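Inside the fold
Below are the chains, spelled out letter by letter.
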Amino acid sequence: MEYTQLGRTGLKVSRLVLGTMNFGPQTDEPTSHAIMDAALDAGLNFFDTANAYGWGANKGRTEEIIGSWFAHGAGRRDKTVLATKVYANMAAEGDAWPNHDRLSAVNIRRAVEASLRRLRTDYIDLYQFHHIDRLTPFEELWQAVDVLIQQGKILYAGSSNFPGYKIAQANETAARRGMVGLVSEQCLYNLHERRAEMEVVPAAQEYGLGVIPWSPLHGGLLGGVIKKEVSGGRRAEGRTAEALADSSVRAQIQAYENLLDKHGLEPGETALAWLLTRPGVTGPIVGPRTPEQLESALRALELELGEELLTALDEVFPGPGPSPEAFAW
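I will try to describe carefully the structure that is included in this document. (Residues numbered from 1 in each chain as written. Predicted model: local features only at pLDDT ≥ 70, side-chain atom pairs only at ≥ 80, totals over all residues. Heavy atoms only, no water.)

Focus on the overall build of the chain
For clarity, the threshold we go by: Secondary structure elements are taken from DSSP: a helix is a run of H or I of four residues or more, a strand is a run of E of two residues or more, and numbering for both begins at the N terminus. To get the radius of gyration, use the C-alpha atoms; to get the globule rule, take the number of residues to the power 0.38 and multiply by 2.2 Å. For every residue, the accessible area (1.4 Å probe, protein chains only) is compared with the maximum for its type, and the residue is labelled buried under 20%, exposed over 50%, or partly exposed between those bounds. Residues count as neighbours in contact if any of their non-hydrogen atoms are within 4.5 Å of one another.
Looking only at helices and strands, the chain has 13 helices and ten strands in total. Whereas a compact globule of 329 residues would reach a radius of gyration of roughly 20 Å, the chain reaches 20 Å, a difference of no more than 12%. Here the C-alpha coordinates of the chain stretch approximately 55 × 55 × 40 Å along the principal axes. Buried residues in the chain amount to 51% of all 329 residues. Long-range contacts, defined as pairs at least 24 residues apart, comprise 77% of the intrachain contacts of the chain with a sequence gap of at least 6.

Encoded structure:
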């Protein structure tokens, strides 16, 4: 396993991040535990979750599954760099009440305590803001974070789905308070969706944030979906099926799969390996439903993509170009 620093911090994390969103909704507790055991055995130490995972009436279930895994002991918690998130309304359906969501100081305090109970731990390594809150000033947010850090309940703060200018605002406000500020940004970023390269990734690099891409296979679109259809395997569903209904997108994905066939490479593993070559990227989040899917993701760490292939991938999926040159002279 390869490790790197999380942004400008001294914290060492694996170059793949174990995403746990499927734990509960699609993967039962014993299998989830087996996946986390296999991840640790492989040296993968960075686990990502969110208080809302489990969704609907089961919000919080994913954190509970991780907490029950920690409870088995054997150094599991000590070996894990644990990241979770706050923003969603965690009240039971029909019981929503003002201040049960977003990033007010009162909700951050409530959400941290609830996550710690579900996770069966006394601290969170990386506490991430799941979305921007246009109603709460950063001064209030950082005051709440400062208290939690002093209490030892969180160690670092990160963002998710922040635009570049909000990363700048957040960290400039933190600097005025003498605080470290955001150390990571978790954003939608993959071969097919490269808009983060315009502002988010440059802002993260400028302020020393590690970039943690979510949906590295773009919901399965980059995982060999056409090849699977042709071979009679799992057919595309949901957003992936909708995307493939666009003839231009289908042609692009077909060109991608044909290119990798020529090189003898698996599409999903290549998409992950490509992200590992990108400037500023700490590691992509992989969300396996089974131990076998985790094994496939781990193989991406062994791939070395040559310049010829990287150039060809840029031709299939051209990025937006540097900012501001991409939209100015």
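Once you've had a look at it, read on.
Observations concerning the packing of aromatic side chains
Put simply, the rule is: The criterion for an aromatic pair is that two Phe, Tyr or Trp rings (for Trp, the six-membered ring) have centres within 6.5 Å, with stacked assigned to planes under 30 degrees apart, edge-to-face to planes over 60 apart and tilted to the rest. Charge over a ring is defined by NZ of Lys or CZ of Arg lying within 6 Å of the ring centre and within 35 degrees of the ring normal.
Summed over the entire model, instances satisfying the criterion amount to seven aromatic pairs. Between Trp 69 and Phe 70, the aromatic rings sit 5.5 Å apart at their centres with planes inclined by 40°, giving tilted as the arrangement. Taken individually, Trp 69 and Phe 70 each receive the classification buried, so the pair is uniform in this respect. Here a set of aromatic residues connected by ring pairs shows up, and it is made of Phe 47, Trp 69 and Phe 70. Arg 77 extends its terminal NZ or CZ atom over the ring of Tyr 123, reaching a point 4.0 Å from the ring centre.

Digging into the packing of helix H10 (residues 247–263) against helix H11 (residues 267–276)
Note the threshold: For helices, the fitted line uses only the C-alpha atoms of the stretch in contact; every axis is such a line through C-alpha atoms, and the angle between N-to-C directions lies from 0 to 180 degrees. Roughly parallel covers angles under 35 degrees, roughly antiparallel covers those over 145, roughly perpendicular covers 65 to 115, and oblique covers all other angles. When residues are grouped by polarity, Ala, Val, Leu, Ile, Met, Phe, Trp, Tyr, Cys and Pro land in nonpolar, Asp, Glu, Lys and Arg in charged, and all others, Gly among them, in polar.
Where H10 meets H11, the axes come as close as 10 Å, and the angle between the chain directions of the two elements is 95°. In terms of orientation, H10 and H11 fall into the roughly perpendicular class. Touching Tyr 256, Glu 257 and Leu 260 of H10 are Pro 267, Thr 270 and Ala 271, all from H11. Split into classes, the residues belonging to the contact of H10 with H11 amount to four nonpolar, one polar and one charged.

Notes on the nonpolar core
What counts is decided by this rule: As used in this record, nonpolar core signifies buried Ala, Val, Leu, Ile, Met, Phe, Trp, Tyr and Cys residues forming a set joined through side-chain atoms within 4.5 Å.
Judged by nonpolar contacts, the single largest core of 59 residues is most densely connected at Ile 108, Phe 129, Trp 142, Ile 253 and Tyr 256. Broken down by element, the residue count for this core peaks at six residues, all from helix H5 (residues 138–151). Setting aside its immediate chain neighbours within four residues, Trp 142 contacts Phe 129, Ala 157, Ala 170, Asn 171, Thr 173, Ala 174, Arg 177, Met 179, Gly 181 and Leu 182. Counting 23 residues, the second largest nonpolar core, distinct from the first, contains Met 36, Phe 47, Phe 70 and Leu 301.

Some words on the pattern of salt bridges
What counts is decided by this rule: Salt bridges, as used here, are contacts in which a Lys or Arg side-chain nitrogen is within 4 Å of a carboxyl oxygen on Asp or Glu.
Overall, the coordinates contain 16 salt bridges when judged by the stated rule. With a closest N to O distance of 2.6 Å, Glu 29 and Arg 61 form a salt bridge. Residue Glu 29 is located in helix H1 (residues 29–41), and its partner Arg 61 is located in helix H2 (residues 61–70); the two are separated by 32 residues in the primary sequence. Linking Asp 37 and Arg 76 is a salt bridge whose minimum nitrogen-to-oxygen distance equals 3.1 Å. With Asp 37 in helix H1 and Arg 76 in helix H3 (residues 76–79), this residue pair connects regions lying 39 residues apart in the sequence. We classify Arg 76 as buried; its relative accessible area is 16%. Members of the salt-bridge network, linked through shared partners, are Arg 194, Glu 197, Arg 278 and Asp 314.

Quick word on the pairing of strand E6 (residues 124–129)
Quick note on the threshold: Two strands qualify as a pair provided that DSSP identifies no fewer than 2 bridges between them. Crossovers are described as right-handed under a simple rule: with the strands pointing away from the observer, the path leading from the first strand over the helix to the second runs clockwise.
Most of E6 sits inside the fold, with six of its six residues counted as buried. In this structure, strand E5 (residues 81–86) lies alongside E6, joined through four bridges in parallel fashion. By the bridge assignment, Thr 84 is partnered in E6 with Tyr 127. As for the winding sense of the linkage, the β-α-β connection from E5 through helix H4 (residues 105–119) to E6 is right-handed.

What about the side chain of Ser 104?
Within the secondary structure, Ser 104 sits in the loop between E5 and H4. Look at Ser 104 and you get buried, because its relative accessible area is 13%. With residues up to four places along the chain from it excluded, the contact list for Ser 104 reads Asp 133, Thr 136 and Glu 140.

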